[in-house]
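# Overview (structure and organization)
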Amino acid sequence: MTVAEELTPAAADPAADAAGPDESEEPIKQRKNGLYPGVSDELAENMRTGWADTELRDLRPIPQAAETAARRARLSARFPGERLVVPAGNLKTRSNDTDYPFRASVEYAYLTGNQTEDGVLVLEPTADGHRATLYLLPRSDRDNGEFWLDGQGELWVGRRHSLTEAEQLYGIPASDVRELAGKLREATGPVRVVRGYDAGVEAALNDKVTAERDEELRVFLSEMRLVKDDFEIGELQKAVDSTVRGFEDVVRVLDKAESTSERYIEGTFFLRARVEGNDVGYGTIAAAGPHACTLHWVRNDGPVRSGDLLLLDAGVETHTYYTADVTRTLPINGRFSALQKKIYDAVYEAQEAGIAAVKPGAKYRDFHDAAQRVLAAKLVEWGLIEGPVERVLELGLQRRWTLHGTGHMLGMDVHDCAAARTETYVDGVLEPGMVLTVEPGLYFQADDLTVPEEYRGIGVRIEDDILVTEDGNRNLSAALPRRSGEVEDWMASLKG
């Protein structure tokens, strides 16, 4: 990997105020251990000229442009007369001069469709609503050498869209984000900002905002996403379809995973996610054997052994940030043992009860309660816990082995809408267009002395992505088999 030899400081801080002509001409700062001592006037002049015009013209709007405009209109109606500031966020350093891959804030991407670092959406209040402006970094400057000297210049990390191109793509007037901090400091009237993404923007608004008012904005944006529009549902289905193919990829290479580790499974699924989408939507859980009892096992460094179960919890994230979240528990050798099948079938029965409870007008909690009732009954039936079932549920005694809630909202975040009010989410009512997971599980820890030894180290979870429809629900991930016998047949067919 090469490193930028020099840096133009003026281009390195997009939140800084725009300076006057004299102030903007800062000297080039050398990298401490750069091999070149500087840039001659002759080289600087040479690099300014001789470049073709690469402006992109006649661009078409992004596919979700109509949806993002409708979302901004809804946001505008909720906060009339107030300036609303929604940042994308900035690059985060991984180590020294390397950065993590950038992912724009969900709030910003949801309202604009744009995904570039340092962007900021500002809704300025007008007499009849708001005027939206997208503040972005323009293309890197050829005159001051930024495009080849700055570590974030075009020749180092790739071309940015020009502001004119951005306007065509996103349907929003675009301005230089380096001018924004000064404008925000001069702003008057009520302002709200989505916090936690851009320290420079927040500093510019420090004396104009309050935590309480900003939280109201964050909560509203989270609740806007509870019901998905048609574009979002289509993207979630794409994510699920790619995820199904990723699970098939894994089954085909289980023999290679046995000779290496869980990381072969993680890497196999990641390849599908990167080829067909943007990334994985969350850290893949490739939990073999007793690791399946650790709910968020993402180390994925353990052995994969024939005779054990593999709990694979993974999801592809689309290029528009919508993620699937699917879990299957698979017998590594292709066949469930009698005890594994008994536990698996109990979880399947609980999931069936949970999915059946997902319908418009039902309480959000209903699917959780339905699944937990089945699992509690199984634990009593097996003699692992003393009944009756009502007592078990009242005291929550089944939770020693069920551990987690039975699902969550799904969307641009794997745990979507997390900032929504409890009364509109967990204590709310299901509506058509909501998408949620149904994922009961049973986990018998390897050191649990309250269960027979043969149970210990077995963990099973089955998870599907469910769309609430007008007349019930649709399982977006139904292409992946769930019944134990069908899982075995499916695995056998993939292994040839």
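Residues numbered from 1 in each chain as written. Predicted model: local features only at pLDDT ≥ 70, side-chain atom pairs only at ≥ 80, totals over all residues. Heavy atoms only, no water.

Before going further, it helps to spend a moment on the packing of helix H12 (residues 230–252) against helix H19 (residues 484–494). Relative placement of two packed helices is described by the angle separating their axes and the distance separating the axes. Where H12 contacts H19, the axes come no closer than 9 Å and their chain directions differ by 70 degrees. Comparing the axis directions of H12 and H19 gives the class roughly perpendicular. Where H12 crosses over H19, the two elements pack in a sense that is right-handed. Residues Phe247, Glu248, Val251 and Arg252 of H12 touch H19, and the partners they reach there are Trp490, Met491 and Leu494. Split into classes, the residues belonging to the contact of H12 with H19 amount to five nonpolar, no polar and two charged. (Axes fitted to C-alpha atoms, helices over the stretch in contact; angles between N-to-C directions. Helix = DSSP H or I, 4+ residues; strand = E, 2+ residues; numbered from the N terminus. Parallel < 35°, antiparallel > 145°, perpendicular 65-115°, else oblique. Left-handed = near helix turned anticlockwise from the far one by under 90°. Contact = heavy atoms within 4.5 Å. Nonpolar A, V, L, I, M, F, W, Y, C, P; charged D, E, K, R; others polar.)

What follows covers the sheet that holds strand E14 (residues 326–331). Spatially, the three strands line up as an open sheet ordered E11-E12-E14, and their pairing is antiparallel. Of all the strands in the sheet, the pair left with one neighbour each is strand E11 (285–288) and E14. When strand polarity is set aside, the average angle formed by the axes of neighbouring strands in this sheet is 10 degrees. Two elements, strand E12 (residues 309–314) and E14, share six bridges in a ladder whose sense is antiparallel. Looking at the pairing, Leu310 lines up with Leu330 of E14. (Pairing = 2+ DSSP bridges.)

Attention now moves to the pattern of salt bridges. Scanning the model with the defined rule gives 38 salt bridges in all. In this structure, the salt-bridge partner of Arg142 is Glu154, at a minimum N-O distance of 3.1 Å. Of this pair, Arg142 sits in the loop between strand E7 (129–136) and helix H6 (146–149) while Glu154 sits in helix H7 (residues 154–157), placing them 12 residues apart in sequence. The partly exposed category is assigned to Arg142, whose relative accessible area is 22%. According to the relative accessible area criterion, Glu154 is buried, its value standing at 14%. Put simply, Glu276 and Arg272 hold a salt bridge, and the shortest N to O gap is 2.5 Å. (Salt bridge = Lys/Arg side-chain N within 4 Å of Asp/Glu carboxyl O. Buried < 20%, exposed > 50% of the residue type's maximum accessible area, 1.4 Å probe, protein only.)

Here His319 is to be found in the loop between strand E13 (316–317) and E14. Judged by its relative accessible area of 49%, His319 is partly exposed. For His319 and Asn278, which are 41 residues apart along the polypeptide, the C-alpha to C-alpha distance reads 4.6 Å. Non-local contacts of His319, meaning those with residues more than four positions away in its chain, are made with Gln115, Glu276, Gly277 and Asn278.

With that settled, the discussion passes to a nonpolar patch on the surface. Together, Trp51, Leu155, Trp156 and Val157 give the surface a local cluster of nonpolar side chains, amounting to about 390 Å² of exposed area. Tracing the backbone shows Trp51 in the loop between helix H3 (41–48) and helix H4 (65–78). Looking at Trp51, the relative accessible area reads 41%, which means it is partly exposed. (Patch = residues over 30% accessible without salt bridge, like charges linked within 9 Å, V, L, I, M, F, W, Y side chains within 5 Å. Areas by Shrake-Rupley, 256 points an atom, 1.4 Å probe, with all protein chains shown as cover.)

Bringing helix H14 (residues 262–276) into the picture now. The first and last C-alpha atoms of H14 sit 22 Å apart over 15 residues, in line with the 21 Å expected at 1.5 Å per residue. All of the buried residues in H14 are Glu262, Ile265, Thr268, Phe269, Arg272 and Ala273. Burial along H14 is one-sided: seen end-on, the buried residues are contained in an arc of 135 degrees. Of the exposed residues in H14, the ones pointing more than 90 degrees away from its buried face are Leu271 and Val275. (Expected span 1.5 Å × (residues − 1). Arc of directions from axis to C-beta.)

Strands pair in a sheet through their backbones, by hydrogen bonds, and they do so in one of two ways: parallel or antiparallel. As summarised here, the arrangement of the three strands in space is E15-E18-E19, forming an open sheet in which the pairing is antiparallel. Of all the strands in the sheet, the pair left with one neighbour each is strand E15 (435–438) and strand E19 (472–475). With direction set aside, neighbouring strand axes in the sheet form an average angle of 40 degrees. Here strand E18 (residues 464–469) runs beside E19; their pairing, made up of four bridges, is antiparallel. Across the sheet, Val468 pairs through a bridge with Asn473, a residue of E19.

So, on to the UniProt feature "domain: Aminopeptidase P N-terminal" (unreviewed entry) in the protein chain. In the UniProt entry, the feature "domain: Aminopeptidase P N-terminal" (unreviewed entry) is given for residues 63–202. For the annotated span residues 63–202, helix accounts for 34% and strand for 22% of the residues, and the straight-line distance between the end C-alpha atoms is 31 Å. (UniProt positions renumbered as here; feature names shortened; annotations may be inferred.)

If you look at the biggest cluster of nonpolar residues, it comprises 95 residues, and the most contacted ones within it are Leu75, Leu121, Ile265, Ile343, Trp382, Leu442 and Phe444. Broken down by element, the residue count for this core peaks at nine residues, all from H12. With near-sequence residues (within four places) excluded, Ile265 lies in contact with Val250, Leu254, Ala257, Ala286, Val304, Leu310 and Leu312. Judged by nonpolar contacts, the second largest core, of 17 residues, contains Leu226, Met409, Met434 and Leu436. (Core = buried A, V, L, I, M, F, W, Y, C linked by side-chain atoms within 4.5 Å.)

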